[in-house]
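Descriptive structure summary
Take a look at the letters that make up each chain.
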Amino acid sequence: MDFDAIVVGSGISGGWAAKELCEQGFKTLVIERGQHVQHGADYQDFRNLWELDNRGRMPEDVLDEDYEIQRQCYAFNTANQHLFVKDSDHPYETPEGRPFNWLRGYHLGGRSLLWARHSYRWSEMDFEANLRDGHGIDWPIRYADIAPWYDYVERFAGISGSYEGLDHVPDGQFLPAMDLNCVESAVKEKIEEAYPGRKLLMGRIAHLTEPTEEQKELGRGQCQFRNLCYRGCSYGAYFSSLSATLPAAERTGNLTIVTDAIGHSVIYDPATGRASGVRVVDYNTKEGRTYTAKVVFLCASAIGSTHMMLNSISEQFPNGIANSSGALGRYLMDHVSGFGVSGTMPGFADKYYAGKRPGGIYVPRFRNLPGQTPETDFVRGYGFQGGGARADWRRGTYQAGVGAELKERLRTPGPWSFGFSIFGEMLPRAENRITLSRNTDKWGIPLPHIDCTLGDNDLKLAARALEDATEMLETAGVVQLRTRAEPAPPGHGIHEMGSARMGRNPRESVLNRWNQAHDVPNLFVTDGACMTSSACQNPSLTYMALTARAARHAGELMKEGIV
């Protein structure tokens, strides 16, 4: 064997798998399909806005030609263009009239450089949801199984947040929370007074407000409140693979990284009934090669890992490796997102704030909680993210005026605004699936075909969420409301989940309670593909905990000679 373990993908899940495997003493290869990115050196976070190409704005002709999908990401600009894929180079297919916004970046560190960093635990309610209402299969784990691993990853990653005592969004191992601004505090007071049981809190985000010695040893520093996170952070103040997990893996001496190597398929050995390695295609030369190992971890994102498994064809698995259940590719989910409401907050003209705080507020789910009378129109629930801010000089972009008069007008701050963006739970449905197209990309790999839509429950949930958001803002005194009424197509939430789900029964699931393929015991999948339901919280913290837990289990199996 070339290595003890192979990890495909270097984003949030891949970084954790590499760290945990290397720290247990295993020689580990990380395969990344994209380019190498050097922490700090390849970021543009020390450049002023006027020093960026085209002042950060992407030229329309370039967007039209190469970034038809990625342009829809709010964070995309010339400072991080190199961290997004060119859609023209990496196509995928969707059915006519059923779009899926697959927003992604192919480079070392993956989307851990671009994520929104909101980090919430799932609760017992979330792991019991499928069993309780019959949508989807039962999770093979409960909160008690993963709670110690939430503790573990939170301490290492660094999550700032407040202790609220909510059973449905459990507290964790937090660094000090960032402060709400004056408008957010006012909205919080009015909402919590008018709606007992509802909470508005500062988002729990993966930023170092008071770095620990462990974090400092990796070269990470305190958040500088610049809010330039989407360019990468040279201080390492927010958690990413490049700032935290991969450096921790590298210092063991057990890590090897190969970039520009596109995962083609997992090699299956019928003699042993196990995976023996991974085939890759060189990004630049298009030549194929293989790597072998005792254990394979797929961490290439929900769609990426599933796509690779479907392309892993053998006599034993003609429809994709570890797919005896037929569940591989099915039950794809995202969050119901891309809609919300915002408006102007009167008053507070004598108030402002210092610094540019990253992250925003969070209103945890308040519908269909245990002990409440269930809603009659829909199951599951939703939460709100957003915040309050005061308009700066950039508001002039949309105002009439030229010359000295306009500049003088923009010298003082504008009015305050406040808004909610909605994230709702999407149910797992078999018809939402990934398959392989007959068409191939320029490396000869079949394109993923993604067929995914919002269902009736998802739309009814969205309608009620918008009503609640609107009513709550009106109650808080926000005026001149502007509504984004329609959810965006699936994928827009950048929380793809499912398609290789965990379950108790091998006849209806791909993975067991350790993220281990039922059919191939040395194959693990720990990214979003493993998720059996979607909850409504941001899922990355759960990927971290599941990955660390699975890697520890895989290590124990290797030490015992079982895999």
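Residues numbered from 1 in each chain as written. Predicted model: local features only at pLDDT ≥ 70, side-chain atom pairs only at ≥ 80, totals over all residues. Heavy atoms only, no water.

Worth spelling out the cut-off: UniProt positions are given in the numbering used here, feature names are shortened, and annotations may be inferred rather than shown by experiment.
As annotated in an unreviewed UniProt entry, the protein is GMC family oxidoreductase from Parvularcula marina. According to its UniProt record, the protein has this under Sequence similarities (unreviewed entry): "Belongs to the GMC oxidoreductase family." The Cofactor (unreviewed entry) comment attached to the protein in UniProt states, word for word, "FAD".

1. Some thoughts on the sheet that holds strand E16 (residues 479-484)
The line we're drawing: Pairing between strands is defined by DSSP: at least two bridges between them are needed. Helix and strand definitions here come from DSSP, where helices need a minimum of 4 consecutive H or I residues and strands a minimum of 2 consecutive E residues; each element is numbered from the N-terminal end. Residues count as neighbours in contact if any of their non-hydrogen atoms are within 4.5 Å of one another. Axis geometry follows a simple rule: fit a line to the C-alpha atoms, using only the stretch in contact for helices, then measure angles between N-to-C directions, giving values from 0 to 180 degrees.
Pairing is antiparallel across the open sheet formed by six strands, whose spatial order is E5-E11-E12-E13-E10-E16. With partners counted over all chains shown, the strands left at the sheet margins are strand E5 (201-202) and E16, one partner each. As judged from the three bridges shared by strand E11 (residues 361-363) and strand E12 (residues 382-390), these two strands associate in the antiparallel manner. Bridging from a neighbouring strand, Tyr362 pairs with Gln385 of E12. Those strands touched by helix H5 (residues 182-194) are strand E10 (340-345), E11, E12 and strand E13 (416-424), and its axis lies near 60 degrees from that of E13.

2. Structural notes on the nonpolar core
Rule in force here: Throughout this description, the term nonpolar core refers to a set of buried Ala, Val, Leu, Ile, Met, Phe, Trp, Tyr and Cys residues connected via side-chain atoms within 4.5 Å. Accessibility here uses a 1.4 Å probe with only protein chains present; expressed as a share of the type maximum, an area under 20% marks a residue as buried, one over 50% as exposed, and anything in between as partly exposed.
If you look at the biggest cluster of nonpolar residues, it comprises 154 residues, and the most contacted ones within it are Phe239, Phe297, Met309, Phe384, Phe420 and Leu523. Looking at which element gives the most residues to this core, the answer is helix H11 (residues 540-559), with 11 residues. With near-sequence residues (within four places) excluded, Leu523 lies in contact with Val266, Val296, Leu298, Met309, Ile321, Ala322, Asn515, Gln516 and Ala517. Counting residues in hydrophobic clusters, the runner-up holds five residues, among them Tyr120, Leu166, Leu201 and Tyr362.

3. A word on the packing of aromatic side chains
Note the following rule: The criterion for an aromatic pair is that two Phe, Tyr or Trp rings (for Trp, the six-membered ring) have centres within 6.5 Å, with stacked assigned to planes under 30 degrees apart, edge-to-face to planes over 60 apart and tilted to the rest.
Summed over all chains, the structure comprises 27 aromatic pairs. Ring centres 5.7 Å apart and planes at 85 degrees place the aromatic pair Phe46 and Tyr235 in the edge-to-face group. Here the residue Phe46 occupies a position in the loop between strand E2 (28-31) and helix H2 (60-66), and Tyr235 occupies one in the loop between helix H6 (213-217) and helix H7 (241-250), the gap between them amounting to 189 residues. Relative accessible area serves as the criterion here: at 31%, Tyr235 is assigned to the partly exposed category. With a centroid separation of 5.9 Å and an interplanar angle of 75 degrees, the aromatic rings of Phe366 and Phe384 are classed as edge-to-face. You can see Phe366 sitting in the loop between E11 and E12 and its partner Phe384 sitting in strand E12, a full 18 residues away along the chain.

4. Some points on unusual backbone geometry
Positive phi, close to 55 degrees, is recorded for Asn368, a residue that is not glycine. Take Asn368: it is sitting in the loop between E11 and E12. Residue classification places Asn368 among the buried positions, given a relative accessible area of 13%. The phi angle at Asn515 is positive, at roughly 65 degrees, despite the residue not being glycine. Position of Asn515 relative to the elements: it lies in the loop between E16 and strand E17 (523-525).

5. Thoughts on the pattern of salt bridges
As a reminder, the rule being used: Salt bridge, as applied in this entry: a Lys or Arg side-chain nitrogen positioned within 4 Å of an Asp or Glu carboxyl oxygen.
In the structure shown here, the tally under the stated rule is 34 salt bridges. Here Glu425 and Arg380 are joined by a salt bridge, their closest N and O atoms 2.6 Å apart. Remark: Arg380 occurs in the loop between E11 and E12 and Glu425 occurs in the loop between E13 and strand E14 (433-440); sequence separation between them is 45 residues. Using a relative accessible area of 1% as the deciding quantity, one classes Glu425 as buried. For Arg380, a relative accessible area of 3% corresponds to the buried category. The partner of Arg411 in a salt bridge is Glu408, with the nearest N and O atoms 3.2 Å apart. In this pair, the class of Arg411 matches that of Glu408, namely exposed.

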